[in-house]
Amino acid sequence: MPDVNSAIVTYSPAYTIVPTYECFNRCTYCNFRTDPGESPWMTLSTAENILKRLKNEKVCEILILSGEVHPHSSQRQAWFQRIYDLCELALAMGFLPHTNVGPLSFAEMQKLKNVNVSMGLMLEQLTPALLKTVHRYAPSKVPERRLQQLQWAGELQLPFTTGLLLGIGETADDWWTTLEAISNIHQSYHHIQEVILQPHSPGNQQIFNAQPFNPHQLPAVISKARQILPPEITIQIPPNLVKDEQWLLACIEAGARDLGGIGPIDEVNPDYPHIQEQKLSGILQPAGWKLVPRLPVYPKFDNWLSKELQKAVSRWRKVLNPTSVDNHRFRNYLSRRSHKNKNINLQIQNEA
Ligand code: SF4
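In this text the structure is predicted, and so the values were computed from the model without any measurement.

Quick notes on the rules
Residues numbered from 1 in each chain as written. Predicted model: local features only at pLDDT ≥ 70, side-chain atom pairs only at ≥ 80, totals over all residues. Helix = DSSP H or I, 4+ residues; strand = E, 2+ residues; numbered from the N terminus. Rg over C-alpha atoms; globule rule 2.2 N^0.38 Å. Buried ≥ 20, exposed ≤ 12 C-beta atoms within 10 Å, placed from the backbone. Contact = placed C-beta atoms within 7 Å. Axes fitted to C-alpha atoms, helices over the stretch in contact; angles between N-to-C directions. Parallel < 35°, antiparallel > 145°, perpendicular 65-115°, else oblique. Left-handed = near helix turned anticlockwise from the far one by under 90°. pLDDT = per-residue confidence, 0-100. Nonpolar A, V, L, I, M, F, W, Y, C, P; charged D, E, K, R; others polar. Expected span 1.5 Å × (residues − 1). Arc of directions from axis to C-beta.

On to the overall build of the protein chain. Looking only at helices and strands, the protein chain has 10 helices and nine strands in total. For the protein chain, the C-alpha radius of gyration of 19 Å lies close to 20 Å, the compact-globule estimate for 352 residues. Seen through its C-alpha atoms, the protein chain measures out along the principal axes to roughly 55 × 45 × 40 Å. Per-residue burial over the protein chain gives 42% buried out of 352 residues. Considering only residue pairs separated by 6 or more positions, the protein chain has 76% of its internal contacts joining residues 24 or more positions apart.

In structure tokens:
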């Protein structure tokens, strides 16, 4: 966990696997979903081929991000099993899975804990007003249901990432209420690793007709969020959605210390390509910030994991520890491989 008083900013070298884009919700700002039945599910052999290409490259985290199958659908069990199997495969191939696939039952969360080092779900906003607007046709976005996921994650000792989507019709007071709710749940279980502050950034597929969240407002929101959230929760911002370099630096000055998963594609915001590590370092370094890779689980949560997961995590800590000689070697290794990575990433983008 980057200390808010240190000059370290973290990111997770990640790749996103999408089991399916089909989703029974229809959030009007969505640029991800297809209608149910219109997105073939990713097979294990396709995933295996992708993971084989990523092996020994600059990827530690496999983010499993999926559209949702209705809890009462006859397909739900198969959908869940596919997600579980993809996590298991990623783990067996040496990666660290982090799943974010919408609200789950307690039993589903409990099972996924066996094959994930952490999990996530955006709380987005707690105000029920959005159920009449952007979430009118999105039953999964009932605020109490999402808050319950945070509670269950705490009961299960699951290291968890959540966050707010800013600029979808809520008020500034709604932000503080949502942040206070996250803070309150965390006080009971101490399980929230990161809170993402994600500015709404319109894409080509969405039907929600609204301006992007003004990124120039973000530093002030971060600053207030930093006062509401306990210091051990890291604030994350997606740098591809804060394009102006000066404002990105202002967000970090205001208290953001993590830039999230950086990989070839931002699946949720496909119109906003990720800024890659070298370029981000070039922005941060002259201002005195050091960008370092992190794992999808923070060290203080390692003892919440099964022995098998702890072994996988400990292998990665040896290569990603920012103070170790190994990390220096790893960075040299990455820069030697950067040309090759570019080609692989382009190839994967073309195939995705
Ligand atoms: S934002 Fe998520 S839950 Fe909403 S429609 Fe898109 S994929 Fe489904």
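Next comes the rest of the description.
What follows covers the environment of Val-117. You can see Val-117 is positioned in the loop between helix H3 (106-112) and strand S4 (118-120). For the pair Val-117 and Val-59, spaced 58 residues apart in the sequence, the C-alpha separation amounts to 15 Å. When near neighbours in sequence (up to four residues on either side) are disregarded, Val-117 contacts Leu-96, Pro-97, His-98, Pro-296, Val-297, Leu-305, Leu-309 and Val-313.

Before going further, it helps to spend a moment on the packing of helix H4 (residues 143-155) against helix H5 (residues 172-189). Two elements in contact, H4 and H5, have axes whose closest approach is 9 Å; the angle formed by their N-to-C orientations is 20 degrees. The orientation of H4 relative to H5 falls into the category roughly parallel. H5 is crossed by H4, and the crossing has right-handed handedness. Contacts between H4 and H5 involve Leu-147, Leu-150, Gln-151 and Gly-154 from the former and Ala-181, Ile-182, Ile-185, Ser-188 and Tyr-189 from the latter.

Glancing now at the confidence of the model for the protein chain. In the predicted model, the protein chain carries a mean pLDDT of 91, and 90% of its residues have values of at least 70. In the model, residues 324-352 has pLDDT below 50 throughout and makes 23 contacts with residues more than four positions away in sequence or in other chains.

Right, let's talk about unusual backbone geometry for a bit. Notably, Asn-56 is not glycine yet its phi reads approximately 65 degrees, a positive angle. When you line up the elements, Asn-56 lands in the loop between helix H1 (44-54) and strand S2 (61-65). Under the C-beta neighbour-count criterion, Asn-56 is labelled exposed, with 10 such atoms within 10 Å. The backbone phi angle of Glu-124 is positive, close to 70 degrees, even though this residue is not glycine. Take Glu-124: it is sitting in the loop between S4 and H4. The exposure class of Glu-124 is buried, given the 24 C-beta atoms found within 10 Å.

Interaxial distance between H1 and helix H2 (residues 76-92) falls to 10 Å at its minimum, and their mutual angle equals 30 degrees. One element, H1, and the other, H2, form an angle in the roughly parallel class. Note that H1 runs across H2; the crossing there is right-handed. Of the residues in H2, those in contact with Leu-44, Ala-47, Glu-48 and Leu-51 of H1 are Asp-85, Leu-86, Leu-89 and Ala-90. Counted by class, the contact of H1 with H2 contains six nonpolar, no polar and two charged residues.

The next subject is H5. Taking 1.5 Å per residue, 18 residues should reach 26 Å; H5 reaches 27 Å between its end C-alpha atoms and fits that length. For H5, the complete set of buried residues consists of Trp-175, Thr-178, Leu-179, Ile-182, Ile-185 and His-186. Down the axis of H5, the sector holding all buried residues measures 125 degrees, keeping them to one side. Away from its buried face, by an angle of more than 90 degrees, H5 presents the exposed residues Asp-173, Asn-184, Gln-187 and Ser-188. For H5, the secondary structure elements touched by its buried residues are H4, strand S5 (160-166), strand S6 (192-199) and helix H6 (218-228). His-190 lies just past H5 and shows a positive phi near 55 degrees.

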